[in-house]
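So the chains spell out like this:
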Amino acid sequence: MTPTHPHTGHDHKHGTGSQEEILDLDAEVLAEHLTAIIEWLPLATSPSHIVDVGCGTGAGTFALLDRFPEARVTAVDTSPGHLQRLKEKACARDMDDRVHIVQADLDNAGWPDLGTPDLVWASASMHHMADPDRVIRNIHDLLAPGGLFTVVELAGLPRFLPADAPEDRPGLEERCHAATEHLHAEHLPHRGADWGPMLTAAGFSIDGKRTITVHIEGSRSEAIGRYALSALQGIRGTAVQALSPEDLAALDRLLDTGSPHSILRRGDLAVRTERTVWAARRT
């Protein structure tokens, strides 16, 4: 799973977007970095059964299936829309026999039968848990002895614009992010947490920790413009009450795909973000 972006029924000239679209764009743009994380994992042997916790539309699921061609993945998410998109992708890639889809809220006390995996993968999903300590303990008990739990988390939502952009309202993107911070702090209190102490408290040993700094120039991928558009659409829905009228007007000019000021027409976009990975072993 990747970061969620609340959406509202905003004016259609700015594009409707969807969380599924953002997750797909995140997977496309950051595919190289996702592959690098999986290659780094301290695995003595290839896993045969993987559980993808908060799988979203399948970024981690398919990267893991590609890396470990003998493995099967149990993909778990609360969203039927995400899982439907993942199922369609699995069928299109002729991988549906290697993917078992489970719709479940792991914050609930009664967990579905997820088998005994030798790798559990949780990308940008643990900070959504209401009681992550309990979820981590359950994952510890779920894993086969010696199995690995990989937690991938992000420091915050990606940035796309230079600091001096747009020309009429420099620093707009940072102000937009600042306007959403109080909501994120209230609804996602574990975002940006150090997961190491929680993992060791549950009985895991930390076999590795790595922070990956992402900086991808927009010229490298046409998808970066669409990724920036979808992300800022989501931020607008959250920040609208906290932005000044001038900032809101400038943001709307960026989001208007028919405007010469549209973010899709900018040549100075880049994806800037950080991902931190914890590899925790059930000893």
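For the structure itself, look to the data block above.
Residues numbered from 1 in each chain as written. Predicted model: local features only at pLDDT ≥ 70, side-chain atom pairs only at ≥ 80, totals over all residues. Heavy atoms only, no water.

## With respect to the overall build of the chain
1) Next: Regarding its fold elements, the chain presents nine helices and seven strands.
2) Next: Projecting the C-alpha coordinates of the chain onto the three principal axes gives extents of approximately 60 × 40 × 30 Å.
3) Next: Burial analysis of the chain (283 residues in total) assigns 54% to the buried set.
4) Next: Within the chain, contacts between residues at least 6 apart in sequence are counted, and of these 78% link residues at least 24 apart.
5) Next: With the model as given, the accessible surface of the chain reaches about 12,200 Å², and the carbon-plus-sulfur share is 49%.
6) Next: One finds the centroid of the 26 positive side-chain charges in the chain at a distance of 1 Å from the centroid of its 41 negative side-chain charges. (Helix = DSSP H or I, 4+ residues; strand = E, 2+ residues; numbered from the N terminus. Buried < 20%, exposed > 50% of the residue type's maximum accessible area, 1.4 Å probe, protein only. Contact = heavy atoms within 4.5 Å. Areas by Shrake-Rupley, 256 points an atom, 1.4 Å probe, with all protein chains shown as cover. Lys, Arg positive; Asp, Glu negative; His and termini not counted. Charge placed at Lys NZ, Arg CZ, Asp CG, Glu CD.)

## Quick word on the sheet that holds strand β6 (residues 204-217)
1) Next: An order of β3-β2-β1-β4-β5-β7-β6 is seen for the seven strands of this open sheet, with the pairing classed as mixed. The open sheet has two free edges, formed respectively by β3 (99-103) and β6, since each of these has just one partner strand. Each neighbouring strand pair of the sheet contributes to a mean axis angle of 15°, computed without reference to strand direction.
2) Next: Inspection of the sheet shows strand β2 (residues 72-77) paired to β3 by five bridges, in the parallel sense. Residue pairing across strands places alanine 75 opposite isoleucine 101, the latter belonging to β3.
3) Next: This element, helix α3 (residues 59-67), spans β1 (49-53), β2, β3 and β4 (119-123) of the sheet and lies at about 175° to β2. (Pairing = 2+ DSSP bridges. Axes fitted to C-alpha atoms, helices over the stretch in contact; angles between N-to-C directions.)

## Section: helix α1 (residues 19-29)
1) Next: Within α1, eight of the eleven residues are buried, which leaves the element mostly enclosed by the surrounding structure.
2) Next: Within the span of α1, buried status applies to Glu20, Ile22, Leu23, Asp24, Leu25, Asp26, Ala27 and Val29.
3) Next: On its buried side, α1 packs onto α2 (31-40), α3, α4 (80-92), β6, α8 (223-239) and β7 (270-282).

## A look at the environment of aspartate 105
1) Next: With respect to the element layout, aspartate 105 can be found in the loop between β3 and β4.
2) Next: Judged by relative accessible area, which is 34%, aspartate 105 ranks as partly exposed.
3) Next: Spatially, the C-alpha atoms of aspartate 105 and glycine 54 are 9.1 Å apart, while their sequence positions differ by 51 residues.
4) Next: Polar contacts involving the side chain of aspartate 105 include one to the main-chain amide nitrogen of aspartate 107, which spans 2.9 Å. (Polar contact = N/O pair within 3.5 Å; in protein donor to acceptor, adjacent residues only side chain to side chain.)

These values are about where atoms sit, not about what they do.
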